[in-house]
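# Breakdown of the fold
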Amino acid sequence: MNIQDQPFEEVLRLYEKAIKKQFVSLRLYKDFDEFYQVGCIALWDAYQQFNPDKGKFSTYAISFIRGRMLTHLTKETTYNERHAFTEEETIELVPSKGGPIPLEYELLEAYLWNLTEKEKTWVYEAIVLQKKPSEIQLTFGTSRNSVHQLKKNALRKMRDNALSLKKV
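A brief structural summary. Residue numbers restart at each chain and count upward from 1, following the sequence in its written direction. Where local features are concerned, this predicted model is filtered to residues with pLDDT of at least 70; where side-chain atom pairs are given and counted, the filter is 80 or more; whole-chain, interface and lining totals use all residues. Side-chain numbers here rest on the full set of heavy atoms in the structure, without hydrogens or water.

We now examine the overall build of the chain. Helix numbers and strand numbers start at the N terminus; a helix is a DSSP run of H or I with at least 4 residues, a strand a run of E with at least 2. Scanning the chain from N- to C-terminus turns up eight helices and zero strands. For the chain, the α and β elements follow one another from N to C terminus as α-α-α-α-α-α-α-α. Evaluated residue by residue, the chain yields a buried proportion of 27% over its 168 residues. Considering only contacts within the chain whose residues lie at least 6 apart along the sequence, 61% involve residues at least 24 apart. Only the protein chains shown count as cover for residues, and the accessible areas themselves come from Shrake-Rupley with a 1.4 Å probe. Here the chain has roughly 12,300 Å² of accessible surface; of this, 55% comes from carbon and sulfur atoms. The buried label applies to any residue whose accessible area, calculated with a 1.4 Å probe on protein chains only, is under 20% of its type's maximum; exposed applies above 50%, and partly exposed to all values in between. Contacts: residue pairs with any heavy atoms within 4.5 Å of one another.

The topology assignment puts Glu-119 in helix α6 (residues 117-128). Leaving out residues up to four positions away in the same chain, Glu-119 has contacts with Leu-150, Asn-153, Ala-154 and Lys-157.

Attention shifts here to α6. Since the α-helix packs 3.6 residues into each turn, any two residues three or four apart lie on the same face. Multiplying 1.5 Å by the helix residue count minus one yields the expected span of that helix. Over its twelve residues, α6 extends 15 Å from the first C-alpha to the last, a length consistent with the 16 Å expected when each residue adds 1.5 Å. For α6, the complete set of buried residues consists of Glu-119, Trp-122, Val-123, Glu-125, Ala-126 and Val-128. One or two residues past the end of α6 sits Gln-130, with phi positive at roughly 55°.

Turning our eyes to something else, we now look at the pattern of salt bridges. Here the idea is simple: oppositely charged side chains can pair when their charged atoms come close. Here, a salt bridge means any Lys or Arg side-chain nitrogen found within 4 Å of an Asp or Glu carboxyl oxygen. Taken as a whole and assessed by the stated rule, the structure comprises six salt bridges. Close ionic contact of Glu-16 with Lys-20 constitutes a salt bridge, the shortest N to O distance being 3.7 Å. On the criterion of helical spacing, the pair formed by Glu-16 and Lys-20 is a turn pair, its members being four residues apart in helix α1 (residues 8-25). On the basis of relative accessible area, Glu-16 is assigned to the partly exposed category, the value being 29%. Across the pair Lys-157 and Glu-119 runs a salt bridge, and its minimum N-O distance is 3.0 Å. One end of the pair, Lys-157, is in helix α8 (residues 144-167); the other, Glu-119, is in helix α6, with 38 residues separating them in the sequence.

Within the secondary structure, Arg-156 is located in helix α8. Through-space distance from the C-alpha of Arg-156 to that of Leu-115 is 9.9 Å; in sequence the pair is 41 residues apart.

What follows concerns the packing of helix α2 (residues 32-49) against helix α3 (residues 57-82). It is at 8 Å that the axes of α2 and α3 come closest, and there the two elements cross at 140°. One way to sum up the angle between α2 and α3 is to call them oblique. At the point where α2 passes α3, the crossing takes the right-handed sense. Across the interface between the two elements, Glu-34, Phe-35, Val-38, Gly-39, Ile-41, Ala-42, Leu-43, Asp-45, Ala-46, Tyr-47 and Gln-49 of α2 pack against Phe-57, Tyr-60, Ala-61, Phe-64, Ile-65, Arg-68, Met-69, His-72, Leu-73 and Glu-76 of α3. Amino acids outside the nonpolar list (Ala, Val, Leu, Ile, Met, Phe, Trp, Tyr, Cys, Pro) and the charged list (Asp, Glu, Lys, Arg) are all regarded as polar, and Gly is one of them. For the contact of α2 with α3, the class distribution of residues is 14 nonpolar, three polar and four charged. Whenever a helix is involved, its axis is fitted only over the stretch in contact; in every case the axis is a line through C-alpha atoms, and angles between N-to-C directions fall within 0 to 180 degrees. Throughout this description, any angle smaller than 35 degrees is read as roughly parallel, any larger than 145 degrees as roughly antiparallel, any in the 65 to 115 degree range as roughly perpendicular, and the remainder as oblique. Should the near helix be turned counterclockwise from the far one by less than a right angle, the crossing is left-handed, whereas a clockwise turn marks it as right-handed.

This paragraph deals with the packing of aromatic side chains. The criterion for an aromatic pair is that two Phe, Tyr or Trp rings (for Trp, the six-membered ring) have centres within 6.5 Å, with stacked assigned to planes under 30 degrees apart, edge-to-face to planes over 60 apart and tilted to the rest. Counting across every chain of the model gives eight aromatic pairs. Seen from their ring centres, Phe-50 and Tyr-60 are 5.7 Å apart, and the 45° between their planes marks the pair as tilted. Taken as a pair, Phe-50 in the loop between α2 and α3 and Tyr-60 in helix α3 lie far apart in primary sequence, ten residues in all. Accessibility expressed as a relative area gives 9% for Phe-50, which makes it buried. The exposure class assigned to Tyr-60 is partly exposed, which follows from its relative accessible area of 26%. Here a set of aromatic residues connected by ring pairs shows up, and it is made of Tyr-15, Phe-50, Phe-57, Tyr-60 and Phe-64.

Before going further, it helps to spend a moment on the side chain of Gln-22. Counting through the fold element by element, Gln-22 comes out in helix α1. Judged by its relative accessible area of 6%, Gln-22 falls in the buried class. For Gln-22, the residues in contact, after removing those within four places along its chain, are Ile-62, Ile-65, Arg-66 and Met-69.

Geometric descriptors of this kind do not, in isolation, establish any biological role.
This is the structure in structure tokens:
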């Protein structure tokens, strides 16, 4: 009986242990769900591409699964090596909780040119200081609806400003 005559769900059930065995074989110790998904997709691709004239499906499927997992592992390792932060860099990138974040606020200023002072204050409080609406409400001494309306107007104007900057 040809493997492709069986529904894929049955094939997946039959080869689930083979996928999980690759975890041990490749010494994977984290991201099990991610690698399981890679293995399932590889099994699906092997199921779709298998040619019965070229050998046994089990050999083909296991090598296909292993190859995909190795490729994914290599990509993950490369990414992690290129995007790893040293302790010093991490400290520089984490904003302080106490004060404004100069670079972020400087970047935002390009989008604030036609906002009212209250809207600019909302942007500063909500985006830069990351305050909750209830905290901003206390700053303005207004209702929650007023804060929501400020947010709505400020974001609309900032979006319009972004579009006008894009056209330039």
